[in-house]
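# Structural overview
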Amino acid sequence: MAEPKIDLKNLKAGGFIKERGKDLFTIRLRVPGGRMSVDRLAKITAVAQKYGKGFVHLSVRQSIELININFAHFDAVVAELGEEQQKVASCGARVRVPTACGGCEYNPNGLVDTQKSALEVDEKLFGTVTGHHKFKVGFAGCPFDCPKSATNDVGFQGAIWPTLDADECISCGLCAKSCTEGALTLGEDGKPVFDAAKCIYCGDCVKVCPTSAWKAEKRGYTVRVGGKWGRRPLVGTVYATFLPEDRVADFIAAVLDWYKDKAEGAGRVRVGDIILREGCQSLLDHLKQDFADFVVEKTIPPQIINTQLPL
Amino acid sequence: MATIDLRGVTCPTNFVKAKLELEEIETGTTVEFLLDDGEPVKNVPRSLKAEGHKLLGLKETDGYYVLTIEKGED
């Protein structure tokens, strides 16, 4: 057998994707949460200029993809990107690079530090082989949910549970006006009345309160499992509420354990379709073992989106 | 007390105008801003709070809001 011209270890986790045209590949870079230091961006630009054809592609999952790279240059590209600690992403039946919004660091809407969560999950779980199909994770900092968390295999949405310190309330009524869910109304005494059953944990009352009379009593993630897009889209459903940020990686690992076990022999099937087959109670029971304080009592199966095809 | 009318000014111009007005005022002074209902009254008080000013009151009057604040440290 001929001596390989390139280091095949680089290819193990994927991220090198065959293009149309002889010898040409796309190299997908690992950019958790879409955050990129300017120094790293400059390095990527230099590598793209040297080995590509004058453009890159911004992937729909926040990555930069180097286009038109000749496979003979793989080792050089990996080495030069490595000078700024830029790594190559994955493809195939693995845990993918997590996506995230800007989070709470500079975005006033963010309730949790999604960037930190994305980095942590990337570090602990990136590239984990599922044995079945791809596995995507996404983080939204609030229920505006710009990252569309419920279309991931496991999707996280920032959440807070509000509590009122009535002494600090100046009865301005802004919280009741801001609450689009109708969970807050002003009582006869001019203080807000909270209908907990209508709250979706968006924290708008806490954000808008001019005197900080509304505070966050609990903070964490609403977790949905079983989402995906593609030919047969599913929207994930709620398995946990107020999951603390430091339990996120363990929670995903627990979902992966269940998926690996239940999808045995099923072939190339996403976790949402396995939930449809096994029933959601099985996954709930599995998650309750280690996350009893956060797992919901009951849930519903992944929601099937009608794509209207075939007509 | 100075009253600054920000009615008819959309976000984020109203907040930037409020900031510029506050630059001309001594710390500890009380100022009134008139704000439209809707996005302005949801956003401007919150943004001024985040800039370190003290919100003393907010009252609805004839379809608009009167926000009273005390200027914080520069």
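Our structure is the block above this text.
Described below are features of the structure shown in this document. (Residues numbered from 1 in each chain as written. Chains lettered and ligands numbered in written order. Predicted model: local features only at pLDDT ≥ 70, side-chain atom pairs only at ≥ 80, totals over all residues. Heavy atoms only, no water.)

## Brief notes about the interface of chain B and chain A
Accessible area lost upon the coming together of the parts is a frequently used measure of interface size. To keep it simple, the criterion reads: Whether two residues touch is decided by their heavy atoms; if any such pair falls within 4.5 Å, the residues are in contact. The term buried area denotes the loss of accessible surface (1.4 Å probe radius) that occurs when two parts are joined, taken as the sum for both partners. For salt bridges, the criterion is a side-chain nitrogen of Lys or Arg within 4 Å of an Asp or Glu carboxyl oxygen. Pairing of N or O atoms within 3.5 Å defines a polar contact, subject to two protein rules: one partner must be a possible hydrogen donor and the other a possible acceptor, and residues neighboring in sequence count only if both atoms are side-chain atoms. We count a stretch as a helix when DSSP gives it H or I for four or more residues in a row; a strand needs E for two or more, and each element gets its number in order from the N terminus. All amino acids are sorted into three groups, where Ala, Val, Leu, Ile, Met, Phe, Trp, Tyr, Cys and Pro are nonpolar, Asp, Glu, Lys and Arg are charged, and the leftover types, Gly among them, are polar.
Each partner contributes to the interface: chain B provides 12 residues, whereas chain A provides 14 residues. Where chain B abuts chain A, roughly 1,100 Å² becomes buried across the two surfaces, and 52% of that area is made up of carbon and sulfur atoms. It is Lys42(B), Arg46(B) and Lys49(B) that lose the most area in chain B upon contact with chain A, and together they represent 51% of the buried surface on that side. Here chain B is connected to chain A by 1 salt bridge. The salt bridge involving Lys177(A) is made with Asp37(B); its shortest N-O contact spans 3.0 Å. Where chain B touches chain A, the interface holds 5 residue pairs in polar contact (both at pLDDT 80 or more). Secondary structure elements with two or more residues in the side of chain B that touches chain A: helix H2 (39-50) and strand E3 (54-61) of chain B. Residue composition of the side of chain B that touches chain A, grouped by class: 6 nonpolar, 1 polar and 5 charged.

## Thoughts on the layout of surface pockets
Counted only if it meets this: The pocket and cavity definitions rest on a 1 Å grid over protein atoms only: a 1.4 Å probe that fits but cannot leave marks a cavity, an open set with protein on both sides within 12 Å along at least five of seven lines marks a pocket, and residues lining either have an atom within 4 Å of a point. Grid points are joined across faces, edges and corners, and a volume is the space filled by probe spheres set on the points. Where each domain begins and ends follows an automated or database-derived domain assignment.
Empty space within the largest pocket amounts to approximately 630 Å³. Contributing to the lining of the largest pocket are 24 residues, with Val60(A), Arg61(A), Gln62(A), Thr99(A) and Lys136(A) lying nearest its centre. Of the residues that constitute the lining of the largest pocket, the class distribution is 8 nonpolar, 7 polar and 9 charged. When residues of the lining of the largest pocket are assigned to domains, at least three fall in each of domain 1 (8-82) and domain 2 (99-160 + 219-304) of chain A. Approximately 270 Å³ is the volume attributed to the second largest pocket. Lining the second largest pocket are 13 residues, with Asn109(A), Glu39(B), Lys42(B), Asn43(B) and Arg46(B) sitting closest to its centre.

## With respect to the packing of aromatic side chains
Which entries qualify depends on this criterion: The rule is short: rings of Phe, Tyr and Trp, with Trp giving its six-membered ring, pair when the centres are within 6.5 Å, and they are stacked under 30 degrees, edge-to-face over 60, tilted in between. A 1.4 Å probe rolled over the protein chains alone gives each residue an accessible area, and that area as a share of the maximum for its type sets the label: buried under 20%, exposed over 50%, partly exposed in between. A ring is considered to have a charge above it if a Lys NZ or an Arg CZ atom is located within 6 Å of its centre and within 35 degrees of its normal.
A complete count under the given rule lists 14 aromatic pairs over all chains for this structure. Ring geometry for Phe139(A) versus Phe156(A): centroids 4.8 Å apart, planes at 15°, classification stacked. Of this pair, Phe139(A) sits in strand E6 (residues 137-140) while Phe156(A) sits in strand E7 (residues 154-164), and the two are 17 residues apart along the sequence. Taken as a pair, Phe139(A) and Phe156(A) share a single burial class, namely buried. Seen from their ring centres, Trp161(A) and Phe242(A) are 6.3 Å apart, and the 80° between their planes marks the pair as edge-to-face. Of the two residues, Trp161(A) sits in strand E7 while Phe242(A) sits in strand E12 (residues 237-243), which places them 81 residues apart along the sequence. One exposure class covers both Trp161(A) and Phe242(A), and it is buried. In textbook terms, an aromatic cluster arises when at least three aromatic residues are bridged by ring pairs, as seen for Trp161(A), Phe194(A), Tyr201(A), Trp214(A) and Phe242(A). Lying over the aromatic face of Phe126(A), Arg30(A) brings its terminal NZ or CZ to 3.8 Å of the ring centre. Over the aromatic face of Tyr64(B) sits the side chain of Arg7(B), whose NZ or CZ is 4.2 Å from the ring centroid.

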